Amino acid sequence: MFDVGVIASVGFVGAAIASRVRLPIIIGYIIAGILIGPNIHLRLLGGSYDGILSDSVFLQSISQLGLVLLLFFVGLEFSITKLMKTKEAAAILAATNLAVNFFAGFVIGAWLGWPVIDTIFMAGVIGMSSSAIAAKSLIDLKRLGNKETEFLLGMVILESFLAMFILTLANGMILPSETPVDVTGLFAGVGLFIGFFALLAGIVVPRTAAVFERIKSEELFVLFALGTVFLAAALAEAFRIPAIVGAFFMGMVFADTRIAGRLKVKMESLRDAFVAIFFLSFGMLIDLSALPSVLPMLIIAVPLILLNDLFLTASLAYFIGFSGRAATAIGTSMIARNEEAILYATVGARAIEANPQLSNDYAAKYLTPFAGILCIVMSSLAPILMKRSDRIAAFFSKRLPKSITFGAELVKRTLKTVIMPNFLPIYRRKRVFQASLIAYAAWVIDLTITTGPAHFAMSVLTPVLVFAVWASARHAFQEPVRHTNYGVDGGPLSRSAIETFVLRIVVGALAIVSLVAILWQYYWPVTLPILYAYFLVVVFSMKVVYRRLGLGVSRRIAPIRLVRRLPSARSWRAASGRR
């Protein structure tokens, strides 16, 4: 009783102070947990303070209830109907942002010498953007009505789904068991698990939702909801999948039903109470004495996150059709790290500690303090940068060279017709190009996880697949290039130059991704100069196309005179036949 009373009272104080200074409430919970936990040791004026609560197994157990309820509410936001409106744009932004952030996490893990399993959870902490802070900041800034907000929320939700899938596989590979992990069986189990919930969402729940709607008693409705959520979590554990993933999928099942709103209203207070206990107990696990050890990780991780979210993701959003201000707003909204990152740290640390065959010298020791401090830093920066996103966009629009802006505009006008929603017949997206992108993404994933002769054989065949993607992209871009107004001379030579330039940028990026996946296993530092070389190629290509097509756009052309200018009005009248 004392533990629960202390953690609730201190959580209230921490949340109140965080709200007062306009910080996310979760940060207040984490800091409060640090101050009352067993890992704080202060010596002042001859006295000592070693925290109020010990690392209680009871608190850790009830904090898991908060984690399960939190992921259930995240799943309730995963509306397939809403996601279908954003389609390719949200998918491209989510997959690219998550992949680049995961790559940054792998770079840091490889630099530190961490094992692969530990590095996966490090990458998850770095890669997971906070949907809660992004949504809260959008509400505070009154941006829910902006055109890019729907795509942004779809991107964050899809990113959470992809991250849950990766977490499921990573957790299943390291859970202790008597027999070695069968990767094929693990994928089959995950596929069967997802198929079960797809059956619920597609057939069972839509036909039985009316029965649930007729539950008049609020007490019975809450009991029904809690039983459903925790039975789904238990089913996930039976498939060697984290319990939170089962809760997430159960939320997805009810996302598009009429009772979704009622579930949110009736269970919101219960969720908030248990989630507060989870974040407070997470703060209790953070040992500030490990700060010198995780500080180098933070010094590298924070700039990499800013580089990816603020610049690369924003640039990609601009390339596929968003305005400069909208693209910058999307980039700044992805900076925060909070509940999802802490989720990765918690699941990873506990799974590694539970497996006696794995070393506890890496993720189990450093991941929790790293995740906690990273969340405090990034969640404090996110609202500030989101508020100033228009200024950031104006700053770069004024200072970028004309060749860069001209080349980016050519790519944007081309890709916008292929990726963004458009109902004109000539701009319908090409199915072959979409299928080739999906196949190429699956190929790159397999190329990344395979080793030995299989990796070498796939590496040899990769150029063939790159050529196939180039052919499908060229076919997909022909009509958009022919019918799009680029503001330049519309002759055949100009259209051909634009098509070649856009293909070089798009297919070149895909080829570089596969090259990085090939060379990563052999010598990872070589991937960094390869990425930089591609950046130089993009800049050089933009300068070339600007010199060829762009210099004539703003050049003032002297008017062509068909009649020689006459010196006087009398001569003009004589030339025109007037008197």
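Since we're looking at a predicted model, the values are computed, not measured. (Residues numbered from 1 in each chain as written. Predicted model: local features only at pLDDT ≥ 70, side-chain atom pairs only at ≥ 80, totals over all residues. Heavy atoms only, no water.)

Novice: Talk me through the overall build of the protein; I want residue IDs and the actual numbers.
Specialist: If you tally the helices and strands in the protein, you get 22 helices and two strands. A buried classification covers 48% of the 579 residues belonging to the protein. Pairs at least 24 residues apart make up 80% of the contacts formed inside the protein by residues separated by at least 6 positions. When the accessible area of the protein is evaluated, it comes to approximately 29400 Å², of which 66% is carbon and sulfur surface. (Helix = DSSP H or I, 4+ residues; strand = E, 2+ residues; numbered from the N terminus. Buried < 20%, exposed > 50% of the residue type's maximum accessible area, 1.4 Å probe, protein only. Contact = heavy atoms within 4.5 Å. Areas by Shrake-Rupley, 256 points an atom, 1.4 Å probe, with all protein chains shown as cover.)

Novice: Would you mind going over the packing of helix H5 (residues 116–127) against helix H15 (residues 363–387) in detail, with residue names and values included?
Specialist: As a packed pair, H5 and H15 sit with axes 11 Å apart at the nearest point and diverge in direction by 5°. It follows from the interaxial angle that H5 and H15 lie roughly parallel. Here Asp118, Phe121, Met122, Val125 and Ile126 of H5 come into contact with H15, specifically with Ala363, Ala364, Leu367, Phe370, Ala371 and Leu374. (Axes fitted to C-alpha atoms, helices over the stretch in contact; angles between N-to-C directions. Parallel < 35°, antiparallel > 145°, perpendicular 65-115°, else oblique.)

Novice: Please set out the environment of Ala408 residue by residue, giving values where relevant.
Specialist: Positionally, Ala408 belongs in helix H17 (residues 402–419). On a C-alpha basis, the gap between Ala408 and Met542 in space is 7.8 Å, while along the polypeptide they are 134 residues apart. With residues near it in sequence (within four places) discarded, Ala408 still touches Tyr318, Phe319 and Met542.

Novice: Give me the lowdown on empty space enclosed by the protein, citing residues and values where you can.
Specialist: Inspection of every chain in the model, using the stated rule, returns two cavities of 30 Å³ or more. By volume, the second largest cavity amounts to about 40 Å³. Taken together, Leu70, Leu71, Val74, Glu339, Glu340 and Leu343 make up the full set of residues lining the second largest cavity. Broken down by secondary-structure element, the contributors of at least two residues to the lining of the second largest cavity are helix H3 (57–76) and helix H14 (339–354). Class assignment for the residues of the lining of the second largest cavity results in four nonpolar, no polar and two charged. (1 Å grid on protein atoms, 1.4 Å probe; cavity = no way out; pocket = protein on both sides within 12 Å on 5 of 7 lines; lining within 4 Å. Points joined across faces, edges and corners; volume = space filled by probe spheres on them. Nonpolar A, V, L, I, M, F, W, Y, C, P; charged D, E, K, R; others polar.)

Novice: Give me helix H16 (residues 389–399): which residues, what numbers.
Specialist: For H16, the full list of buried residues reads Ser389, Ile392 and Ala393. Seen from one end, H16 has its buried residues packed into an arc of 100°, which puts them on one side. With respect to the buried face of H16, the exposed residues turned more than 90 degrees away are Arg391, Lys398 and Arg399. Those residues of H16 that are buried lie in contact with helix H13 (324–333) and H15. (Arc of directions from axis to C-beta.)

Novice: Which residues make up the packing of aromatic side chains, and what are the values?
Specialist: Tallied over the full model, the rule gives 13 aromatic pairs. Where Phe224 meets Phe254, the ring centres are 6.4 Å apart and the plane angle is 90°; that geometry is what we call edge-to-face. In this pair, Phe224 is assigned in helix H9 (residues 218–238) and Phe254 in helix H10 (residues 243–254), connecting sequence segments 30 residues apart. Stacked on the ring of Phe221, the Lys or Arg Arg262 has its end atom at 4.0 Å from the ring centre. (Phe/Tyr/Trp six-rings, centres within 6.5 Å; stacked < 30°, edge-to-face > 60°. Lys NZ or Arg CZ within 6 Å of the ring centre and 35° of its normal.)

Novice: Outline the side chain of Thr332, listing residues and values.
Specialist: Along the chain, the position of Thr332 falls in helix H13. For Thr332, the contacting residues outside a window of four places in its chain are Leu310, Ala382, Leu385, Met386, Ser389 and Ile392.

Novice: So what's going on with the nonpolar core? Residues and values would help.
Specialist: Ranked by internal contacts, the top residues of the largest apolar core, which has 105 residues, are Phe254 and Phe370. Ranked by residue count, the leading element in this core is H15, at twelve residues. Non-local contacts of Phe254, meaning those with residues more than four positions away in its chain, are made with Leu76, Val205, Phe212, Phe224, Thr228, Ile259, Ala260 and Leu263. If you look at the next biggest cluster of nonpolar residues, it comprises 60 residues, including Leu152, Ala326, Val506 and Ile530. (Core = buried A, V, L, I, M, F, W, Y, C linked by side-chain atoms within 4.5 Å.)

Novice: Please give an account of the environment of Val432 that cites residues and values.
Specialist: As for its position among the elements, Val432 is in helix H18 (residues 431–449). C-alpha of Val432 to C-alpha of Ala476: the two residues are 44 residues apart in sequence and 8.1 Å apart in space.

Novice: Run through the confidence of the model for the protein, naming residues and quoting values.
Specialist: Low pLDDT marks regions whose predicted coordinates should not be analysed in detail. Of all residues in the protein, 85% have pLDDT values of 70 or greater, and the mean over the chain is 79. Per-element averaging of pLDDT across the protein places helix H22 (residues 569–576) at the bottom with 46 and helix H21 (residues 527–550) at the top with 89. The model gives residues 554–577 a pLDDT under 50, and that stretch makes six contacts with residues more than four places away or in other chains. (pLDDT = per-residue confidence, 0-100.)

Novice: Can you break down H5 residue by residue, with the values?
Specialist: The end-to-end C-alpha distance of H5, which contains twelve residues, comes to 16 Å, matching closely the 16 Å that a straight helix rising 1.5 Å per residue would cover. For H5, the tally of buried residues reaches eleven of twelve residues, placing the bulk of the element in the interior. For H5, the full list of buried residues reads Ile117, Asp118, Thr119, Ile120, Phe121, Met122, Ala123, Gly124, Val125, Ile126 and Gly127. (Expected span 1.5 Å × (residues − 1).)

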